[in-house]
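# Structure assessment
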Amino acid sequence: MPLIIVTGLPSSGKSTRAKQLYDYLAQRIAPADSSTPAKYRLHLISDDSLSISRTVYDLSPSKVPAHTRSANASEKDARAALYGAVKRVLSDRDFVILDGLNYIKGWRYQLHCEAKAMRTPNCVLQIGCTPDRARGVNQERLRKLQQPGAERQDDDVIQEGDTTEAYEPGNWDNLVFRYEEPNPMTRWDSPLFTIIWEDDEAQTRKTFDSLWDTMAGDAKPVVRPNQSTERRGRDAGGDYLYILERETQDIVKRILDQQTADGSSGEVAVPLSAPGKPDLIIELPPGKKLGVPQLQRLRRAFVALNRGGIGLDSVANMAADGLRETFVKYLNDAFENDE
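In the nomenclature of an unreviewed UniProt entry, the protein is known as RNA polymerase II elongator complex subunit of Purpureocillium lilacinum. According to UniProt, the comment filed for the protein under the heading Sequence similarities (unreviewed entry) is "Belongs to the KTI12 family."

This is the structure in structure tokens:
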């Protein structure tokens, strides 16, 4: 089930909207019969749920030394904690809401890759708010926290995305400056859903309905892993690396056997296993006898080049005939260039 990445300016109401989304999804996935176990699980992960302080994002010179500021170590540690929490629960049976700044596009890309590896979709929910309004919310929080007896009371709650902690003004300005808007044209920010500050309950539910239909309804995307990370196909002769070694060794042996038999250069025929296909032809360099060291160097170079599938067309299932064709072409090119 999807990973939903909530993003927006600091103090823009992300936590309020994330809680609303959590309540909405809890209703959608609740079983009709209370005695029936739920088909899906729901998780809300945030800085607050992991007890991550807002100060980890503060890079002011008065707060952290220069070497720490340049490495941004505290913020990296916070993201590592969030990433670990997401990775522990993300699966095809879990809805995961990640409430946080999520302001760096590289971070959103990392989360997208993790969801893709788990074969579950992901989306971005952007909370739209003007910088002036978000700044006003943060200043109001600071004012309340600086009042005598700085402990917050139950009635000291700002309804629009308030949390216990506030950002220092310099830190808030820095985070807004560094914020990278999500771009729906990129795969890691798509699909992108947006809720703005003025959206009422009806409009908010309409957006949540659209998110549900897209990510969990009948039209939900089928997530496939990257082709290059798929397990290679097998045949009766063994796995890919074994076939690669076996076929290249066989071709080298055919070249050496023919040179030993007739003592001259010429052409070497390499048969294919598929019925009806003509033999492959290796054109040996004229007037030159190829030795074992030279052929083995070429073979090892070819194996090293193709061990990880680099340059292969059929990455997902490279059969013996495909490897023979590729190696014969590689040898012919090498012999031609060596002339």
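## Comments concerning the nonpolar core
Residues Leu3, Ile45, Tyr57, Leu82, Leu98 and Leu111 are the most contacted members of the largest nonpolar core, which totals 29 residues. Broken down by secondary-structure element, the contributors of at least two residues to this core are strand E1 (3–8), helix H3 (73–89), strand E3 (94–99), helix H4 (105–117), helix H5 (131–145) and helix H6 (169–178). By residue number, the principal contributor to this core is H3, which donates five residues. Counting residues in hydrophobic clusters, the runner-up holds 23 residues, among them Tyr240, Val252, Val268 and Leu295.

## Let's talk about the packing of aromatic side chains
Under the criterion given, the structure shown has eight aromatic pairs. Seen in terms of ring centroids, Phe302 and Phe327 are 4.8 Å apart; in terms of plane orientation they differ by 45°. Their pairing is tilted. On the criterion of sequence distance, the pair formed by Phe302 in helix H9 (residues 292–306) and Phe327 in helix H10 (residues 320–337) is long-range, its members being 25 residues apart. With respect to burial, Phe302 and Phe327 carry one shared label: buried. For the pair Phe327 and Tyr330, a centre-to-centre distance of 6.5 Å together with 20° between the ring planes defines the contact as stacked. Pair noted here: Phe327 and Tyr330 are both in helix H10, with a separation of three residues, about one helical turn.

## Some remarks on the pairing of strand E5 (residues 192–196)
Burial along E5 is one-sided: the face carrying Phe193 and Ile195 is buried and the face carrying Leu192, Thr194 and Ile196 is not. Inspection of the sheet shows strand E4 (residues 122–128) paired to E5 by five bridges, in the parallel sense. Bridged to Leu125 within E5 is Phe193.

## Describing the pattern of salt bridges
Applying the stated criterion across every chain, the model contains 20 salt bridges. With a shortest N-O distance of 2.9 Å, Asp257 and Lys253 are connected by a salt bridge. Note that Asp257 and Lys253 are positioned in helix H8 (residues 240–262) at a spacing of four residues, about one turn of the helix. Between Asp333 and Lys329 there is a salt bridge; the shortest N-O distance is 3.2 Å. You can see Asp333 and its partner Lys329 sitting in helix H10, four residues apart, about one turn around the helix. For Asp333, a relative accessible area of 33% corresponds to the partly exposed category. Here Lys329 falls in the exposed class, since its relative accessible area comes to 54%. Through salt bridges that share partners, Arg246, Glu247, Asp250, Arg254 and Arg324 make up one connected network.

Rules and cut-offs
- Residues numbered from 1 in each chain as written.
- Predicted model: local features only at pLDDT ≥ 70, side-chain atom pairs only at ≥ 80, totals over all residues.
- Heavy atoms only, no water.
- UniProt positions renumbered as here; feature names shortened; annotations may be inferred.
- Core = buried A, V, L, I, M, F, W, Y, C linked by side-chain atoms within 4.5 Å.
- Buried < 20%, exposed > 50% of the residue type's maximum accessible area, 1.4 Å probe, protein only.
- Helix = DSSP H or I, 4+ residues; strand = E, 2+ residues; numbered from the N terminus.
- Phe/Tyr/Trp six-rings, centres within 6.5 Å; stacked < 30°, edge-to-face > 60°.
- Pairing = 2+ DSSP bridges.
- Salt bridge = Lys/Arg side-chain N within 4 Å of Asp/Glu carboxyl O.

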